[in-house]
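Structural features, examined
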Amino acid sequence: MSRRHWYWDRTYYPPSRPLDARGGIKSQARRGAGGESWWARRWIAVLESFHIGARLQRGRSYARSGQALSIDIDRGIVRAKVQGSRPRPYDVTIKMNTLTGAQWKMLEKELSNKPLYAARLLAGEMPQDIEEAFKQAGVPLFPATSRDLQTECSCPDWSNPCKHIAAVYYLLGEEFDRDPFLIFRLRGRTREELVGGLEVPAEAREAAPEPALPGEPLPDDPAAFWQGAPVPDDLYGEVRIPQIHAALPKRLGNFPFWRGNSSLTDTLECVCAAASARGLEAFLQADGRTEDEP
Amino acid sequence: MIVYHASLCDEEFIFWGEAPEDRAVPVSLRSGKRASAGGAMPFPYDAGKKQLEAGLAPFLGAEKDSAARRARAVMRYAWLPTAETGPLPSSPLIAEAAAAGEVVLAPWAIAGRVLQGREIVDLLAACGGRRILGPGLIVGADLAWWCQALRFAGTLVARQSYLPGVSEAGGTYRSRWLPVFQGEDPDRMARLAAAMPAAARAVSAEAAAPPQTSPSALLRRFVERMVDALVRLGASPVPGAPAAAASRRGRRKPDFDSIHDQWLLSLQSADPAMAGDGGELARFAAQVREWHLPVSISASSPFRLCFRLEEPPAEDAEREEAESGSAGRDAWQVRYLLQAANDRSLLVEARDAWKPRKPVEAVFRARAFEPRQFLLSALGQAAGICPRIEQSLKRPAPPGYELDAAGAHEFLTLRAQTLEQAGFGVMLPAWWTRKGTKLRLAARARVKSRAMQSAAGLSLDAIVRFDVELALGGEPITMAELESLAALKAPLVRLRGQWVELNAAEIRTAIDFWKKKAAGTASVREIVQMALGGDRRRVGLIFEGVSADGWVADLLAHLEGNAPFEEAAAPAGFRGELRPYQVRGYSWLAFLKQWGLGACLADDMGLGKTIQALALIQRDWESDGRQPVLLICPTSVVGNWQKEAARFCPELPVLVHHGAARVKGEAFQTAAARHAIVVSSYALLHRDLESLQAVPWAGVILDEAQNIKNPETRQARAARSLAAGYRVAMTGTPVENNVGDLWSVMEYLNPGFLGSREEFRRKFFVPIQALRDADAAGRLKRLTAPFILRRLKTDRSIIADLPEKMEMKVFCTLTREQASLYRAVAAAAEQGMESAAGIQRKGLILATLSKLKQVCNHPAQFLGDNSAIEGRSGKLARLTEMLEEILEGGDRALVFSQFSEMGGILRRHLQETFGREVLFLHGAVPKKKRDEMVERFQDGDGPRVFVLSLKAGGTGLNLTAAGHVFHFDRWWNPAVENQATDRAFRIGQRRNVQVHKFVCAGTLEEKIDEMIESKKDIAAKVVGTGEGWLTELSTRELKELFALRGEAIGD
């Protein structure tokens, strides 16, 4: 047994086994790895063009099994921690060149010609032909060659990009899927800067969404006190169970860097479907509209 | 008597109650001294802890954990309108409201019960639509309002208008299902809040200051809680599951791989608390809010994006139609609009919003709204749902987009729903409904049958052939027209000036059907069902109707009420006069019976359902084989049926299958075979089912058929299981108005006609109750109308047939207890009469008369022991049933008794049973109060039942609001009774008044009644004004009078 351990630990070509990482970020892609959208695929294609062979596969399976423990994205830089075969997670950084102010100016001019760009971006999607706008402005959106990216990892593997970097790269692709502004952030512009300070109502951001309603003293007239007004019978409109479940969370897209063991969307679909029936039942019962005597 | 209330106080849902004052509470506590600054007085009408638990137990189950029970029983302060005399109760059932004076809000200490999420749902579901929870347990207006608030939360959950989230309070993080109020929800919430009774927010934890929370804020808090509770409810694992228990007690660090796992599990469990590192939880909560952002922005926006589908201008389409009959090309429009959230009628077209001019800009600025950003982001989100929106965004400032007929059809059938669900507004043309265009190509089955010679030999089981025709709004479409429509290959065409949705597959099927000259076959029963809009799918087509000729056409015309029935002559042996509408009803019953179809006779009370049914039975007995009919009714009317049968159909042998002495098994079969009518009760329908099933019944008639409205009950199952030549249901309550009850009655009458219970729920119950689907309601009405006959006494055609005053005797049965008391009193009197004479004898006779009457009324009245009321008097049971029907129909009633003790018992019982105030006028009521009562009764919104003692209320009052007068007991003097009746029936009174005189069958009540009836003229002379004439009878006659006939006893 000990010989075996020795063999695994010392070999120069180590298909080392990573330690189990609990609660890591898990790829949510249903098939393959990386994103489903064209821009996420575009991002992954860059990685694949580096011809790093088996490390690509390993990176993908790292992404799926949740080896990445955290990912932070900032202007021009991504920092991540990935659980490898050693107890201490490896530090991964990916740097990308940010655009200059002049480059951004040119780009913004291009973008403002078509409302679609802003609309799609605001809706969390990358316009199909946005690269065209970048090309017109003479600046690249995606990295084109390995030189556009500077990657580093604290693992002992000499090859770069290693499988840890590849794993982070895959997860980034998925994350871009959800929020295209992240690519812009990597290129040096936040969402607000990009769409010209879209005004987000302050209360939508606050922790307690409950609006501060003014108080109202109780009436002392006995009739008004004990008896309310009649509730109109048609108050509630059509109460229909939707055909597509969990449409609202789906409109929001994937949860950022999901680390749960089960899929959020699948769980929500199940919960929503079951809850709909219960909600309808409560709606009918609380009016005495039921076929059975309670 | 308790009136239950509920109030949301901070985060606690407090259940509390009012009860009539307990003598244990010292009077001094409710005297003028109001609460001092420090504390509050105990509430004099407080229901108390025990009563609250008892009231809740049936709905929530008893709390076994006594520590938990103690924790939930709390003391709180209710801020109530308070006069000099003390707090003003919510209802006169609790106490008479004090005379006017200065009224202020003051805190009163009450016992409350804290309810948790699931308990609130269970309780409110139980209270839904009900005035009482049980005898004497009344649902207060505030509690009823909370039911509505729960309904609102139910709509949000049903529509899935919520998101999983996290809340933070005092450093504790909890997973939460957060409602999202979109579309019309904020508006609905405001209307609901405006209807809130103040009592729903009148409880506080401190006596220092009254609660101030506004109705809107309180409603919002409640809805948030209920949405969370409802979504959690079914998802929660069994309480006490290891993971949940461990995290609640914090003994062990919860074992989760990540905070996401913890969140997801917590969202599905009963315990929402999330444990872990505070910093991590705070970051996570912020991340969740960030994730919610697009939805929270659009939900809080002052405008929402709307899509309006506009059809091409009529001229264009007509020209096109004229030219080639082709479907319109790019002439349809989807227009983008902004709709103000607080004013649905304020619509701004996107065209004017991209770069708004002055007036429009002012509108936006007033709402601090930036239209361009909003349009971009909203259209961007919608573009994911509808690719054409994305297309439109390639040009600057798009006003909408154009589409062709196919595109319009796709928008109507698919996109519109998805957009709506995602929270966008959608406006569609009026000719479009959820189910397609209002006008549709409809397949009709064409049935040919021979002309009706006589109904003999024809039956619903006959098989007929039918072929298919297609029609548009009743006009048939030719083969050539159909083929040219099919050639268009457009799903939406303008035909004869109106938009019509075409289903290519359906048209293909119809064309094939025609080309093959094929024909379908079906039984006439199926054709009837098809014609009435029931089961409509055959040979690959959905049929909208049937056109027929020959006898099938005649049958359908009769059923649908398009052709009058042949009026059947009254049977020879029938000893009564049928009024014209009764002849129609009886003929209708005979018509349906002849076709083996079940009928529900639902005439108003007093129109003579009994007599119509008896005429039907008599007719069959005379014409068909002599088979018995089974008549099932409530115990309280068994005697009445027997009397009515004897009166109208004296030739018919009637067997009462009731009471302990009834025969069973083969003996019953033999006995039944020898009778025309077997009368039995609902209780026995189930208990003696085996005996009843063994008899081949000519027919089964259910009186008061609302007894089987719940199809799962044993009596409903038993009723369905009886084999019979025909089935009739009788009821005075409007069954057709209660969709839920309809299935059970129809399933008994015509099995399978409304489909299985599940199908019925899907096709009718949910669409009508939850979707307000007028079409489904219309179809259900059409499908059931041929089998339900309901005439109101206010119908113009009926009024003409009715006398202004109708007097009816209501024969009641004694309970076993009443019968034994009766016998004991009679036996004692007989003994006494042997020895007494003169004045003493006279006194004894009058006393006995009075005692026997009391026994007939109620044992509690006779015993004078203040004992229980429920279930001990046949008369009271019958009165309660009849009043229930009357109140349900919105009418008012007077109830006379000559005993004021009985009046008190009646009042108490009726108040507790109906949860409504009942007036009671007796000799001790002062003049002023009396006038006030009369005024309230006559007033539109006042109490609707008025109990009067004959002496105090018999003269001088004007009570014309009543449509029914009950004489609970009899004063053996027609003149006195009539005078009382005339309180309701005055000159100038336009309505018909029904007078119900209660008589206990087999008792002296009936015998004296017979004596008066048989010698009315003598009675008028002899009787005078009192009951003294009875004392002149001989001892033998008196013995006869007092003896109890056997048939009188019920269960």
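Quick caveat, the model's predicted, so the values are computed rather than measured.

**As for the overall build of chain A**
Regarding its fold elements, chain A presents 13 helices and four strands. Out of the 294 residues belonging to chain A, those deemed buried represent 45%. Just so you have it, chain A exposes about 14,900 Å², and 50% of that area is on carbon and sulfur atoms.

**Side note on the overall build of chain B**
Across its full length, chain B holds 41 helices and 40 strands. Here chain B, with 1051 residues, has 55% of them falling under the buried criterion. As displayed, chain B offers around 43,600 Å² of accessible surface, 51% of which is attributable to carbon and sulfur atoms. Within chain B, the 124 negative side-chain charges are centred at a point lying 2 Å from the centre of the 135 positive side-chain charges.

**A word on the pattern of salt bridges**
Residues and elements named next belong to chain B. In this structure the tally under the stated criterion is 51 salt bridges over all chains. Close ionic contact of arginine 525 with aspartate 461 constitutes a salt bridge, the shortest N to O distance being 3.8 Å. Separated by 64 residues along the polypeptide, arginine 525 in helix H18 (residues 524-531) and aspartate 461 in the loop between strand S20 (441-447) and strand S21 (463-472) bring together distant segments of the chain. Given a relative accessible area of 54%, aspartate 461 falls into the exposed group. Each of the salt bridges in this network shares a partner with another, and the network as a whole consists of Arg308, Glu310, Arg335, Glu349 and Arg351.

**Quick notes on the nonpolar core**
Counting residues in hydrophobic clusters, the biggest one holds 204 residues, and the most contacted among them are Trp146(B), Trp263(B) and Trp697(B). Of the residues forming this core, the biggest block, eleven residues, is contributed by helix H4 (residues 141-158) of chain B. Apart from the residues within four sequence positions on either side, Trp697(B) is in contact with Gln627(B), Pro628(B), Val629(B), Leu630(B), Phe668(B), Ala672(B), Val678(B), Leu692(B), Leu722(B), Ala723(B), Ala724(B) and Gly725(B). Listed in part, the 54 residues of the second largest apolar core include Val78(A), Ala80(A), Val82(A) and Ala133(A).

**Overview of the packing of aromatic side chains**
Residues and elements named next belong to chain B. Taken as a whole and judged by the stated rule, the model has 37 aromatic pairs over all chains. Here phenylalanine 303 and phenylalanine 369 contribute two aromatic rings whose centre-to-centre distance is 4.6 Å and whose plane-to-plane angle is 40°, an arrangement assigned as tilted. Taken together, the residues span a long stretch of sequence, with phenylalanine 303 in strand S13 (residues 303-310) and phenylalanine 369 in the loop between helix H12 (358-366) and helix H13 (371-383) at a distance of 66 residues. Pair check on accessibility: phenylalanine 303 and phenylalanine 369 agree, each one buried.

**Focus: the interface of chain A and chain B**
Each side of the interface is counted separately: chain A has 98 residues, and chain B has 122 residues. Both faces combined, the contact of chain A with chain B buries some 9,700 Å², and carbon together with sulfur accounts for 60% of it. If you look at where chain A meets chain B, you find four salt bridges. Measuring nitrogen to oxygen at the nearest pair gives 3.8 Å for the salt bridge that ties Arg201(B) to Glu216(A). Elements with a contribution of two residues or more to the side of chain A that touches chain B: helix H5 (115-122), helix H10 (202-205), helix H11 (222-226), helix H12 (247-252) and helix H13 (264-285) of chain A. Grouping the constituent residues of the side of chain A that touches chain B by class yields 54 nonpolar, 19 polar and 25 charged.

**A short note on the state of the cysteines**
All names here are of chain B. Under the defined criterion, the tally for this structure stands at zero disulfides over all chains. Cysteine 127 carries a free sulfur, and the closest cysteine sulfur to it, the one in cysteine 147, is 5.0 Å from it. Here cysteine 386 stays unpaired: no disulfide links it, and the sulfur of cysteine 306, its closest cysteine neighbor, is 15 Å away.

**Overview of the sheet that holds strand S3 (residues 90-96) of chain A**
Residue and element names in this part refer to chain A. Strand order in the open sheet formed by four strands is S1-S2-S3-S4, with antiparallel pairing between adjacent strands. If you trace the sheet from one side to the other, it starts and ends with strand S1 (68-74) and strand S4 (149-153), each paired once. When strand polarity is set aside, the average angle formed by the axes of neighbouring strands in this sheet is 10°. In this structure, strand S2 (residues 77-82) lies alongside S3, joined through six bridges in antiparallel fashion. Each residue of the ladder has a partner; that of lysine 81, found in S3, is aspartate 91.

**Re unusual backbone geometry**
Residue and element names in this part refer to chain B. Here the phi dihedral of aspartate 10 falls at roughly 50°; this positive angle occurs in a residue that is not glycine. Look at aspartate 10 and you get exposed, because its relative accessible area is 51%. A positive phi is found at arginine 772, a non-glycine position, where the angle reads about 50°. For arginine 772, a relative accessible area of 39% translates into the label partly exposed.

**Focus on a positive patch on the surface**
Residues and elements named next belong to chain B. Where like charges cluster on the molecular surface, the positive patch consists of Lys49, Lys50, Arg69 and Arg70. Looking at the positive patch, the elements with two or more residues in it are helix H1 (48-60) and helix H2 (66-72). Of note, lysine 50 is situated in helix H1.

**Thoughts on the sheet that holds strand S28 (residues 599-601) of chain B**
Residues and elements named next belong to chain B. The seven strands lie next to each other as S30-S31-S29-S32-S33-S28-S34, forming an open sheet whose pairing is parallel. Because the sheet does not close on itself, it has two edges, and the strands there are strand S30 (654-656) and strand S34 (788-789). Alignment of strand S32 (residues 697-702) against strand S33 (residues 724-730), held across five bridges, turns out to be parallel. By the bridge assignment for S33, glycine 699 is matched with tyrosine 726.

**Points about the confidence of the model for chain A**
Note: predicted coordinates in regions of low pLDDT should not be interpreted at a detailed level. Residue and element names in this part refer to chain A. Here chain A averages 75 in pLDDT, while 78% of its residues score no lower than 70. The least confident element of chain A, judged by mean pLDDT, is helix H1 (residues 2-10) at 39; the most confident is H13 at 91. Below a pLDDT of 50 lies the segment residues 1-14, which in the model reaches two contacts outside its immediate sequence neighbourhood of four places, other chains included.

**Points about the environment of Trp226(A)**
Looking at where Trp226(A) falls in the secondary structure, it is placed in helix H11. The class for Trp226(A) is buried, based on a relative accessible area of 3%. Look past the residues within four positions of Trp226(A) in its chain and what remains in contact with it is His5(B), Trp16(B), Glu18(B), Leu80(B), Pro81(B), Leu88(B), Pro89(B), Ser90(B), Ala141(B), Pro197(B) and Ala199(B).

**Looking at helix H26 (residues 714-721) of chain B**
All names here are of chain B. Buried within H26 we find Ala716, Ala718 and Ala719. The buried side chains of H26 occupy one side of the element, clustering within an arc of 165° when seen end-on. Along its buried surface, H26 packs onto helix H24 (682-687), helix H25 (689-693), S32, S33 and helix H27 (739-749).

**A word on the pairing of strand S24 (residues 498-501) of chain B**
Residue and element names in this part refer to chain B. Pairing of strand S23 (residues 492-495) with S24 involves four bridges; the strand directions are antiparallel. For leucine 492, the partnering residue across the bridge sits in S24 and is glutamate 501. Count of turn residues in the S23/S24 antiparallel hairpin: two residues, of which arginine 496 carries a positive phi of about 50°.

**Notes on the side chain of Gln67(A)**
Residue and element names in this part refer to chain A. Mapped onto the secondary structure, glutamine 67 falls in the loop between helix H3 (54-65) and S1. The class of glutamine 67 is buried, set by a relative accessible area of 4%. If we ignore the near neighbours within four places in the chain, the residues touching glutamine 67 are Pro18, Leu19, Ala21, Tyr62, Lys81, Val82 and Gln83.

**Things to note about the pairing of strand S10 (residues 172-179) of chain B**
Residues and elements named next belong to chain B. What you see with S10 is a clean split: Tyr173, Ser175, Trp177 and Pro179 sit on the buried side and Thr172, Arg174, Arg176 and Leu178 on the side with no burial. Both strand S9 (residues 162-169) and S10 contribute to a ladder of eight bridges, which runs antiparallel. Paired with leucine 163 across the two strands is leucine 178, which belongs to S10. Counting the residues in the hairpin turn of S9 and S10 gives two residues, including glycine 170, whose phi is positive at 55°.

**What to know about the side chain of His164(A)**
All names here are of chain A. Note on placement: histidine 164 falls in helix H7 (residues 163-178). For histidine 164, a relative accessible area of 4% translates into the label buried. Dropping the residues within four chain positions of it, histidine 164 is found in contact with Tyr62, Val82, Gly84, Tyr90, Val92, Cys153 and Cys155.

**Topic: the environment of Thr813(B)**
Within the secondary structure, Thr813(B) sits in the loop between strand S35 (805-812) and helix H31 (816-835). At 3.4 Å, the side chain of Thr813(B) forms a polar contact with the backbone oxygen of Thr635(B).

**Remarks on the packing of H13(A) against helix H28 (residues 757-770) of chain B**
It is the contact of H13(A) with H28(B), at a shortest axis distance of 11 Å, that shows an interaxial angle of 65°. The way H13(A) lies across H28(B) gives a crossing that is left-handed. Here H13(A) contributes Leu280(A), Glu281(A), Phe283(A) and Leu284(A) to the contact with H28(B), which in turn contributes Arg761(B), Phe765(B), Val766(B), Gln769(B) and Ala770(B). Each residue belonging to the contact of H13(A) with H28(B) can be placed in one class, and the counts come to six nonpolar, one polar and two charged.

Calculation criteria
- Residues numbered from 1 in each chain as written.
- Chains lettered and ligands numbered in written order.
- Predicted model: local features only at pLDDT ≥ 70, side-chain atom pairs only at ≥ 80, totals over all residues.
- Heavy atoms only, no water.
- Helix = DSSP H or I, 4+ residues; strand = E, 2+ residues; numbered from the N terminus.
- Buried < 20%, exposed > 50% of the residue type's maximum accessible area, 1.4 Å probe, protein only.
- Areas by Shrake-Rupley, 256 points an atom, 1.4 Å probe, with all protein chains shown as cover.
- Lys, Arg positive; Asp, Glu negative; His and termini not counted.
- Charge placed at Lys NZ, Arg CZ, Asp CG, Glu CD.
- Salt bridge = Lys/Arg side-chain N within 4 Å of Asp/Glu carboxyl O.
- Core = buried A, V, L, I, M, F, W, Y, C linked by side-chain atoms within 4.5 Å.
- Contact = heavy atoms within 4.5 Å.
- Phe/Tyr/Trp six-rings, centres within 6.5 Å; stacked < 30°, edge-to-face > 60°.
- Buried area = accessible area lost by both parts, 1.4 Å probe.
- Nonpolar A, V, L, I, M, F, W, Y, C, P; charged D, E, K, R; others polar.
- Disulfide = S-S within 2.5 Å.
- Pairing = 2+ DSSP bridges.
- Axes fitted to C-alpha atoms, helices over the stretch in contact; angles between N-to-C directions.
- Patch = residues over 30% accessible without salt bridge, like charges linked within 9 Å, V, L, I, M, F, W, Y side chains within 5 Å.
- pLDDT = per-residue confidence, 0-100.
- Arc of directions from axis to C-beta.
- Polar contact = N/O pair within 3.5 Å; in protein donor to acceptor, adjacent residues only side chain to side chain.
- Left-handed = near helix turned anticlockwise from the far one by under 90°.

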